[in-house]
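Take a look at the letters that make up each chain.
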Amino acid sequence: MTRSALTSWLTAASLLAAGPALADDDKGKAMDRNDDGMVSASEHENGAKAMFDGMDRNKDGSVTATEMDAAHAARGKPARAGEMSSAEKIRAIDSDGDGKLTANEHSAGSKSRFTRMDTDRDGTLSQVEWTAGHDKAMRKP
């Protein structure tokens, strides 16, 4: 992945088929900092932090549904039919129920998602794990 592709994703920013390479997913490729075709726990954590920082437009330390919607729109990735809205995504990991995400809530939710997506428990996400886990996590319950 080129540095400019990674920078574009990180600036805009949230949330794999033949073999382990992260070929078709922008976030997965952006998080794969060492270009080994897998996303490690630390790569996922760093990517989630960058995503949070990109969504926190007013830099107040929290992300609202409006900020999340704006980040998705900037990436050209609005919610698809059947996917959770930004408000629903926030509600799913908003531990204090105040309707917005802090960096700690987002981090905890991202770590939990990584654990659920890592179905073979090898500490990395393959393309197959990334796609299946991300698609499942984004669907409305």
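Residues numbered from 1 in each chain as written. Predicted model: local features only at pLDDT ≥ 70, side-chain atom pairs only at ≥ 80, totals over all residues. Heavy atoms only, no water.

### Here we look at the packing of helix H4 (residues 65-74) against helix H5 (residues 86-93)
At step 1: Where H4 contacts H5, the axes come no closer than 8 Å and their chain directions differ by 125 degrees. Considered as vectors, H4 and H5 are oriented oblique to each other. The way H4 lies across H5 gives a crossing that is right-handed. Mapping the contact onto sequence places Ala 65, Met 68, Asp 69 and His 72 in H4 and Ser 86, Ala 87, Lys 89 and Ile 90 in H5.
At step 2: Class assignment of the residues belonging to the contact of H4 with H5 gives a composition of 4 nonpolar, 2 polar and 2 charged. (Axes fitted to C-alpha atoms, helices over the stretch in contact; angles between N-to-C directions. Helix = DSSP H or I, 4+ residues; strand = E, 2+ residues; numbered from the N terminus. Parallel < 35°, antiparallel > 145°, perpendicular 65-115°, else oblique. Left-handed = near helix turned anticlockwise from the far one by under 90°. Contact = heavy atoms within 4.5 Å. Nonpolar A, V, L, I, M, F, W, Y, C, P; charged D, E, K, R; others polar.)

### A few points about the nonpolar core
At step 1: If you look at the biggest cluster of nonpolar residues, it comprises 15 residues, and the most contacted ones within it are Met 55, Met 68 and Leu 125.
At step 2: Among the elements of the structure, helix H3 (41-55), H4 and helix H6 (103-117) are those that each provide at least two residues to this core. (Core = buried A, V, L, I, M, F, W, Y, C linked by side-chain atoms within 4.5 Å. Buried < 20%, exposed > 50% of the residue type's maximum accessible area, 1.4 Å probe, protein only.)

### A few points about unusual backbone geometry
At step 1: A positive phi is found at Lys 59, a non-glycine position, where the angle reads about 55 degrees.
At step 2: Its place among the elements puts Lys 59 in the loop between H3 and strand S2 (62-63).
At step 3: Here Lys 59 falls in the exposed class, since its relative accessible area comes to 57%.
At step 4: Residue Arg 121 is not a glycine yet carries a positive backbone phi of 55 degrees.
At step 5: Tracing the backbone through its elements, the reader meets Arg 121 in the loop between H6 and strand S4 (124-125).

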